[in-house]
Each structure stands twice: as C-alpha cells, then as structure tokens.
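# Observations on the three-dimensional arrangement
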Amino acid sequence: MLGILGGTFDPIHYGHLRPAQEVLRALALSEIRLIPAANPPHRPPPVAGAEHRLKMVELAAAEFPGFRVDDREFRRGGPSYTVPTLESLRAELGEVPLCLLMGTDAFAGIETWHEWRRLPELAHFVVMTRPGWPFPETPVLPEWARRRVSRDAAGLARSPAGGIYFQPVTPQDVSATGIRRRIARGESVEGFLPSAVRDYIRAHGIYSTEVTDAQKKR
Ligand code: ATP
C-alpha cells in the first residue's frame, strides 16, 4: 500500500512530513511519495520557483526514510491536477492500494478539485488532522463520503481505492504561509522545517522579499 502526498510545498515543512511519517507507520505503507505540484490550480502562483520547490522536497525527503520524491507533475506540464497524476501512477503500479494523504483542510475542499468524483475510483483518502480543522462528524459528511468511511485501516489494503480513513496525527501547528511570512520579517523558522531546507532557503534568498497581503495592510 503506497502513500501519496501532493502539495505546493512552498516550502515543504514538518506539517507535511511528520503527519505523513505517522501515517506511513500506522498503516504500514510501503512508502510515501511526495508529489510537488508544478502548476497548482485554484490558488495564486507559488512564491518559490518550481525548481526550488522540487529541490527543497528532495532535501526534506532525504531525512525521512521511506519517503520518495516523484516529479511527474513537472514532467507532465500544464495544470497539476491530481486525477491525471493518480491515473499515471495506477497505469504504472497496477492494482496496488493507493492512499492519497491530505489534511482535514484539503479534505473539506475536495469537491472543488478538478474531476473530483474520479478521485475515489483511483485512491483511498487518508485524512490527517490539522490544527484548527477537526475531523468532520460522519453525519455531516455528504452521502458519497459517508458510505466510504472505513474504521478499519487494514481494510484499506483489501482494495485498490475507494475508502476514506481518518488518521489522527500529532498536531503540527505550521503552514507554508506562516513560514513565508516569518522569513519575510526576518524571524526564525527553527523547528518548522528540516535544517537542510532552511539553509537552502537562506542560501538562495527565497521568500525574503515576499510582501504578504498582511504586511501590505500595515
Ligand atoms: P499554504 O500555507 O501555502 O496554503 P500549506 O502549509 O497548507 O500551504 P500545502 O502544500 O498546500 O501546504 O499542503 C499540502 C498538503 O499537506 C495538504 O493536504 C494539507 O492539508 C497538508 N498539510 C499542510 N500542513 C499541514 C499540517 N500542519 N498538518 C496536517 N496536514 C497539513
């Protein structure tokens, strides 16, 4: 069973890495595939260039055994939609169970994703707690999701796709937006991301000149 974590990773941080590591262990996944979005749809363009974001993901993955970087969204070009990414993984890997990891915030917006109804045909969803975003109560879930919820992690391994599993993880109160803001203000980001990534950001002067909306208002 393979775990997949996509994201803008602008930059990658412990809020991505540690929850994914906990899922890797809890579900005994064979690996975590980190798949950075080259051209993330539905959001303003990333601050760091695609090559920098990919490099930072590589530096981070090197510190987490079982993590691998997959650059297929860079090679494909065009908008980095998840459905074609999962389709190409499926074509490569056959009927292996695929677990698409996402935070509770991402899951809350899943119905806005491109061709979202195809997602459960292609992967299980493993939803990880994110501070400020509790798990939705089952009765408030839409019908398509409610009937897919599984309380049994082992059950996911019995089919290639289609389940929804809620995995509590140790809260990591960190976001890429918060990190970019701190760097732009000259504040420390110690403890928010691997030191190799922090050093890379520093060496290339990434985020140091970002003027955030919050700063513009001041
Ligand atoms: P930004 O602040 O720029 O919106 P982000 O920190 O939310 O970025 P993304 O790259 O957009 O990072 O997130 C990729 C995935 O990681 C999403 O599924 C998101 O829910 C999840 N994620 C990000 N931060 C956390 C966190 N602190 N805890 C749990 N999941 C997280």
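Our structure is the block above this text.
A quick note: this is a predicted structure, and the numbers were derived from the prediction, not measured.

Our focus in this paragraph is the sheet that holds strand S2 (residues 31-36). Judged by pairing direction, the sheet is parallel, and its 6 strands sit side by side in the order S3-S2-S1-S4-S5-S6 without closing on themselves. Two strands in the sheet have a free side with no partner beyond their single neighbour: strand S3 (67-69) and strand S6 (164-167). Recorded for the sheet is a direction-independent mean angle of 30 degrees between the axes of neighbouring strands. As paired strands, strand S5 (residues 124-128) and S6 are joined by 4 bridges and run parallel to one another. The partner of Val127 across the bridge, within S6, is Phe166. With respect to the sheet, helix H4 (residues 82-93) is in contact with strand S1 (2-7), S2 and strand S4 (98-103), its orientation differing from that of S4 by roughly 150 degrees.

A word on the site of the ligand. Close contacts around the ligand come from 20 residues, with His13, Asp105, Gln172, Ala176 and Thr177 the closest. At 3.1 Å from an oxygen atom of the ligand is found a main-chain nitrogen or oxygen belonging to Phe9. For the ligand, an oxygen atom lies 2.8 Å from a polar atom in the backbone of Ala176. Across the complex, the protein chains shield 89% of the 610 Å² of accessible surface that the ligand would expose by itself. Using a 2 Å cut-off from the grid points, one finds that the ligand occupies the largest pocket. Sorting the residues of the shell around the ligand by element identifies S1, helix H1 (14-26), S4, helix H5 (104-108) and helix H9 (176-184) as the ones contributing at least two each. Of all the elements, H9 adds the most residues to the shell around the ligand, at 3 residues. Classifying every residue of the shell around the ligand gives 5 nonpolar, 11 polar and 4 charged.

Our next topic: the pattern of salt bridges. If you walk through the whole model with that rule in mind, you get 15 salt bridges. With its nearest N and O atoms 3.4 Å apart, the salt bridge here joins Glu31 to Arg68. With Glu31 in strand S2 and Arg68 in strand S3, this residue pair connects regions lying 37 residues apart in the sequence. Overall, Arg68 belongs to the partly exposed group, its relative accessible area being 44%.

Each value, and the rule that gives it
- Each chain has its residues counted from 1, running along the sequence as written.
- Owing to the predicted nature of the model, reporting of local features is limited to residues with pLDDT of at least 70; listing and counting of side-chain atom pairs is limited to 80 or more, with chain, interface and lining totals taken over all residues.
- For side-chain calculations, the full set of non-hydrogen atoms in the structure is used, while hydrogens and water are omitted.
- Strand pairing is assigned whenever DSSP identifies at least 2 bridges connecting the two strands.
- Helix numbers and strand numbers start at the N terminus; a helix is a DSSP run of H or I with at least 4 residues, a strand a run of E with at least 2.
- For every element, the axis is a line fit to its C-alpha atoms; helices are fit only across the contacting stretch, and the angle between N-to-C directions ranges from 0 to 180 degrees.
- Here, two residues are considered to be in contact whenever any of their heavy atoms come within 4.5 Å of each other.
- We define proximity as follows: a residue is near a molecule or strand when any one of its heavy atoms falls within 4 Å of that partner.
- As used in this structure description, the phrase polar contact means that two N or O atoms lie within 3.5 Å; if the pair is within protein, one of them must be able to donate a hydrogen and the other to accept it, and residues adjacent in sequence are counted only when both atoms belong to side chains.
- Residue-level accessible areas treat just the shown protein chains as cover; the underlying method is Shrake-Rupley with a 1.4 Å probe.
- Residues are called lining when one of their atoms sits within 4 Å of a cavity or pocket point, these points coming from a 1 Å grid over the protein atoms alone, where a cavity is a set in which a 1.4 Å probe fits but cannot get out and a pocket is an open set with protein on both sides within 12 Å along at least five of seven lines.
- Here the criterion for a molecule occupying a pocket or cavity is that more than half of its atoms lie within 2 Å of the pocket grid points.
- Only Asp, Glu, Lys and Arg are considered charged, only Ala, Val, Leu, Ile, Met, Phe, Trp, Tyr, Cys and Pro nonpolar, and every remaining residue, Gly among them, polar.
- In what follows, salt bridge is the name for a side-chain nitrogen of Lys or Arg lying within 4 Å of a carboxyl oxygen of Asp or Glu.
- Partly exposed residues are those whose accessible area sits between 20% and 50% of the maximum for their type, while under 20% is buried and over 50% is exposed, using a 1.4 Å probe and protein chains only.

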